[in-house]
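Listed here are the chains, written in short residue letters.
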Amino acid sequence: MEKTVLVVLPLQAHHRALLEESAPGYAFTYAAKEAVTAEMVKQADVIIGNVPAQWLRASPRLAWLQLDSAGADAYIAPGVLAEHTVLTCATGAYGKAVAEHLFAMLWMLQKKLHLYRDHQNRHEWTDEGPVTSVAGKTVLVVGLGNIGLYFARLVKAVGAHVIGVKRRPTEQLPDCADAVYKMDRLQSLLPQADVVASVLPGTPQTRRIFGASAFAAMKPEAFFLNAGRGINVDTDALCSALKSRQIARPGIDVTDPEPLLAGHALWSCPNALITPHISGQFHLQDTLEQIVQIAAENLRRFANGLELKSVVDFESGYSR
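Residues numbered from 1 in each chain as written. Predicted model: local features only at pLDDT ≥ 70, side-chain atom pairs only at ≥ 80, totals over all residues. Heavy atoms only, no water.

### Quick look at the layout of surface pockets
(1) Moving on: The space that makes up the second largest pocket amounts to roughly 160 Å³.
(2) Moving on: Forming the walls of the second largest pocket are Leu81, Ala82, Glu83, His84, Thr85, Val86, Leu87, Val311, Val312, Phe314 and Arg320.
(3) Moving on: Along the lines of polarity and charge, the residues of the lining of the second largest pocket split into seven nonpolar, two polar and two charged. (1 Å grid on protein atoms, 1.4 Å probe; cavity = no way out; pocket = protein on both sides within 12 Å on 5 of 7 lines; lining within 4 Å. Points joined across faces, edges and corners; volume = space filled by probe spheres on them. Nonpolar A, V, L, I, M, F, W, Y, C, P; charged D, E, K, R; others polar.)

Right under this line is the structure:
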């Protein structure tokens, strides 16, 4: 029986050709995310791209789901995928986009450019005083995967002392880090950091890992960056830490709740720089190109009965 592949990505003709060459004889359906239907999902043997998790509900037909995201939290919940369905993610596609976004936020906060932009909008000629530099400072990267490593390279290149934190022990120290520790050392490392950058996925183990005790452990002048998942931060605790000046300036691309409600207190917190979860997605064309390459390689493997890459482990939420 002919295999059906539903692709929910904004592809051009050369992208489609690459996918179809990877699995000759398969039937492909392409749909925009806003146009995909539950019936399309129901009829697919393979899905490439993120579709509403509630439409899957342990589909007996779906053999493999290739996500266009690095995170898989919505899809590893019990009852979403059948036991036989293989789940793979787009680990490796977002390093450049998300890390560069975090790097830009850090520089903006350190040089107070967000404040000067506010002054410009009010037509005010105001000097905000001293600024800081990342050179010679300690940057703690929490989640030293693809995105974390890319960010570590950026800050290391401008003179930062880089400490990484990751789930699994490191056999060989990466050249972009001065030291790497396991997650159980996080709390003890926070007081050393001038910058704390979180790129953790959202899992039960990481939920609200940045709460009142974590913010209390940070330096009062520390910068806090988050482009992992909003649920990893206790938002009320973050607001309290900012108002009491326990930490200096946060740059956050993900929030809890998300989207952030118009009346939420975080919008008005001192020195907060907030973007609406846009560091990844497909705003950088290179991200889409990477995802298509990942999907095409996995599609070739699937069509030839080979093991797929970046299979998600349902226990940890990470790719194996």
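### Considering the nonpolar core
Soluble globular proteins tend to bury their nonpolar side chains together.
(1) Moving on: Membership of the largest hydrophobic core comes to 51 residues, with the highest contact counts inside it found for Val7, Leu19, Phe28, Ile48, Phe151 and Val155.
(2) Moving on: Leave out the neighbours within four places in its chain, and Val7 touches Leu19, Phe28, Thr29, Tyr30, Ala31 and Ile48.
(3) Moving on: Counting 31 residues, the second largest nonpolar core, distinct from the first, contains Leu189, Val196, Ala217 and Ile274. (Core = buried A, V, L, I, M, F, W, Y, C linked by side-chain atoms within 4.5 Å. Buried < 20%, exposed > 50% of the residue type's maximum accessible area, 1.4 Å probe, protein only. Contact = heavy atoms within 4.5 Å.)

### Side note on the sheet that holds strand β1 (residues 4–7)
(1) Moving on: Ordered in space as β2-β1-β3-β4-β5, the five strands form an open sheet in which the pairing is parallel. What marks the edges here is a single partner per strand, and that holds for β2 (27–30) and β5 (86–88). Averaged over all adjacent pairs, the angle separating strand axes in this sheet is 15 degrees, with direction ignored.
(2) Moving on: Judged from the four bridges that link them, β1 and β2 form a sheet pairing that is parallel. In the sheet register, Leu6 faces β2, and the bridge partner there is Thr29.
(3) Moving on: The sheet contacts of helix α1 (residues 13–22) involve β1, β2 and β3 (46–48), and relative to β2 the element is tilted by about 150 degrees.
(4) Moving on: Its contacts with the sheet put helix α9 (residues 285–303) on β2, β3, β4 (64–66) and β5, and the angle it makes with β4 is roughly 165 degrees. (Pairing = 2+ DSSP bridges. Helix = DSSP H or I, 4+ residues; strand = E, 2+ residues; numbered from the N terminus. Axes fitted to C-alpha atoms, helices over the stretch in contact; angles between N-to-C directions.)

### Considering empty space enclosed by the protein
The gaps left among the atoms become clear once a water-sized probe is rolled over them.
(1) Moving on: Considering all chains together, one arrives at two cavities of 30 Å³ or more under this definition.
(2) Moving on: Within this model, the largest cavity holds a volume of roughly 50 Å³.
(3) Moving on: In terms of residue class, the lining of the largest cavity is built from five nonpolar, four polar and one charged.
(4) Moving on: Put simply, the second largest cavity is a space of about 40 Å³.
(5) Moving on: Surrounding the second largest cavity, Gly71, Ala72, Asp73, Ile76, Pro201, Gly202, Thr203 and Gly317 form its lining.
(6) Moving on: Looking at side-chain class alone, the lining of the second largest cavity contains three nonpolar, four polar and one charged residues.

### Focus on unusual backbone geometry
Keep in mind that most residues, glycine aside, have a negative phi and that most peptide bonds are trans.
(1) Moving on: At the junction of Asp256 and Pro257, the peptide bond is cis and its omega measures out at 10 degrees in the coordinates.
(2) Moving on: The topology assignment puts Pro257 in the loop between β11 (249–252) and β12 (273–274).
(3) Moving on: At the junction of Glu258 and Pro259, the peptide bond is cis and its omega measures out at 0 degrees in the coordinates.
(4) Moving on: Topologically, Pro259 is positioned in the loop between β11 and β12.
(5) Moving on: A positive phi angle, near 35 degrees, is found at Arg57, a position not held by glycine.
(6) Moving on: By the element assignment, Arg57 lies in the loop between β3 and β4.
(7) Moving on: The backbone phi angle of Ser310 is positive, close to 55 degrees, even though this residue is not glycine.

### Some remarks on the pattern of salt bridges
(1) Moving on: Scanning the entire structure with this criterion turns up nine salt bridges.
(2) Moving on: Asp45 is the partner of Arg61 in a salt bridge, and the nearest nitrogen-oxygen pair spans 3.1 Å. Here the residue Arg61 occupies a position in the loop between β3 and β4, and Asp45 occupies one in the loop between α2 (38–42) and β3, the gap between them amounting to 16 residues.
(3) Moving on: When its relative accessible area of 25% is taken as the criterion, Arg61 is described as partly exposed.
(4) Moving on: Given a relative accessible area of 9%, Asp45 falls into the buried group.
(5) Moving on: For Glu297, the salt bridge identified is with Arg300, shortest N-O distance 2.8 Å. Here Arg300 and Glu297 lie together in helix α9, a separation of three residues that amounts to about one turn.
(6) Moving on: Glu297 gets classed as partly exposed once you look at its relative accessible area, which sits at 25%.
(7) Moving on: A single network of salt bridges, built from pairs that share partners, joins Glu297, Arg300 and Arg301. (Salt bridge = Lys/Arg side-chain N within 4 Å of Asp/Glu carboxyl O.)

### Quick look at the packing of aromatic side chains
(1) Moving on: For the structure shown, the criterion picks out five aromatic pairs.
(2) Moving on: Ring centres of Phe103 and Trp107 lie 5.8 Å apart, and the angle between their planes is 65 degrees; on these two criteria the pair is classed as edge-to-face. Here Phe103 and its partner Trp107 are both found in helix α3 (residues 95–110), four residues apart, which amounts to about one turn of the helix.
(3) Moving on: Looking at Phe103, the relative accessible area reads 18%, which means it is buried.
(4) Moving on: Judged by centre distance (5.4 Å) and plane angle (85 degrees), the ring pair of Phe215 and Phe224 falls under edge-to-face. Residues Phe215 and Phe224 agree in their burial class; the two are buried.
(5) Moving on: The structure contains a cluster of three or more aromatic residues connected by ring pairs, namely Phe210, Phe215 and Phe224. (Phe/Tyr/Trp six-rings, centres within 6.5 Å; stacked < 30°, edge-to-face > 60°.)

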